[in-house]
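In case you want the letters, here they are:
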Amino acid sequence: MAQIMDGKAYSKEILTQIKSRVENLENKPSIAVILVGDDPASKIYVKNKEKTARELGFVSKTFYLKENTSVNELKDLILNLNLDEDTDAILLQLPLPKHLVSQDFIELIDPKKDVDGFHPINCGRLLTNSNPYAISCTPKGVVKLLKKYNVEISGSNAVIIGRSNMVGKPLAQLLLAQNATVTVAHSKTKNLAQTAREADILISATGIKGLVTKNFVKENAVVVDVGISRDESGKIFGDVDFEEVSKIASLITPVPGGIGPMTIAMLMENTLELSLKNAKF
Ligand code: NAD
């Protein structure tokens, strides 16, 4: 039976450490969160982020913009926050309503305040191992949790299912930088189960409930489930068939309680790091 990689417990440890560091800071880290529209899942995420930020002693401001916000309104808000000396970190909650193109606004955020690490400067710096101001929170949380459980990344075969800019691609870069041999699989991959079975470390980030069955998993592989999907009642599921796969894997993350809380902890860590870096310049 696999050991559980407890992201909930580890994230609490990380948050406690951040809180005690913040207590000693004169200038508290500050984060501005922008939410456009009424997406219920995004509202929950934003509320949780704000609550955690406040508990840590951060200054947290959330800007709730209406669904029909214009391009210029959103642009002006971001540009003003870029100039605002009291804002260390800017988070644009995605997805945006259809009439607003996410990438256009991500590129407007000052890279030094880009807490999600999505700006091309930060993605490029990650790609070239040259000190991004921030690294995308979910991939960073995955690697941190693997390290906490002493997973040998160097020399391992890592297979990531999912190739998004937010999760799959930055995670591939992080694991490559840690000397893993990385395969990125996706919706057009042929023989997905066969590819996945090559993995010493298998990470799934698709949002397809139950995609990863026992046929995808090599004996004693480490399995990380990033996926989140919900049924009509709002219950949360991962990509991995936990019951089956936990009998084969050596280590496994649960959903909920795995990568979700690690992602929030990394968001807080990134906010703190940006505020410390900004204070230096
Ligand atoms: P996305 O929709 O941008 O990307 C999904 C990826 O899955 C795509 O690259 C696609 O090619 C791949 N995919 C889809 N169907 C597939 C299939 N049948 N076989 C193989 N690959 C397939 O999503 P994203 O932003 O990368 O997020 C992925 C999942 O992770 C979502 O469920 C999201 O909710 C979740 N997520 C969780 C956290 C967290 O904190 N735990 C953070 C970010 C994203």
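Residues numbered from 1 in each chain as written. Predicted model: local features only at pLDDT ≥ 70, side-chain atom pairs only at ≥ 80, totals over all residues. Heavy atoms only, no water.

Moving on to the pattern of salt bridges. The final tally for this structure, using the stated rule, is 10 salt bridges. One salt bridge in this structure joins E50 and R54, with 3.3 Å as the shortest N-O distance. With E50 and R54 both in helix α2 (residues 40-55) and four residues apart, this pair spans about one turn of that helix. Residue K140 is joined to E273 by a salt bridge in which the shortest nitrogen-to-oxygen separation is 3.5 Å. (Salt bridge = Lys/Arg side-chain N within 4 Å of Asp/Glu carboxyl O. Helix = DSSP H or I, 4+ residues; strand = E, 2+ residues; numbered from the N terminus.)

What follows covers unusual backbone geometry. Cis geometry marks the peptide bond from L94 to P95; its omega dihedral reads 0 degrees. In the segment running from V255 into P256, the intervening peptide bond is cis, with an omega of 0 degrees. Positionally, P256 belongs in the loop between β11 (251-252) and α10 (259-280). Positive phi, normally seen in glycine, also occurs at N191, with a value near 50 degrees. Tracing the backbone through its elements, the reader meets N191 in the loop between β6 (181-185) and α8 (192-196). With a relative accessible area of 53%, N191 lands in the exposed category. Here N220, not a glycine, exhibits a phi torsion of approximately 70 degrees, which is positive. With respect to the secondary-structure elements, N220 resides in the loop between β7 (201-204) and β8 (222-225). Owing to a relative accessible area of 52%, N220 belongs among the exposed residues under this scheme. (Buried < 20%, exposed > 50% of the residue type's maximum accessible area, 1.4 Å probe, protein only.)

Next up on the list: the site of the ligand. Close contacts around the ligand come from 20 residues, with R163, S164, G207, I228 and T263 the closest. I228 is positioned with one of its backbone polar atoms (N or O) 2.9 Å from an oxygen atom of the ligand. Between T263 and the ligand, the recorded distance is 3.0 Å, taken from a side-chain N or O atom to an oxygen atom. Contact with the protein chains removes 71% of the 860 Å² of surface that the ligand exposes when unbound. In terms of residues, the shell around the ligand owes the most to one element, α10, which gives three residues. (Near = heavy atom within 4 Å. Polar contact = N/O pair within 3.5 Å; in protein donor to acceptor, adjacent residues only side chain to side chain. Areas by Shrake-Rupley, 256 points an atom, 1.4 Å probe, with all protein chains shown as cover.)

To continue, consider the environment of G234. Following the sequence through the fold, G234 ends up in the loop between β9 (229-230) and β10 (236-237). Separated by 193 residues in the primary sequence, G234 and A41 have C-alpha atoms spaced 9.5 Å apart.

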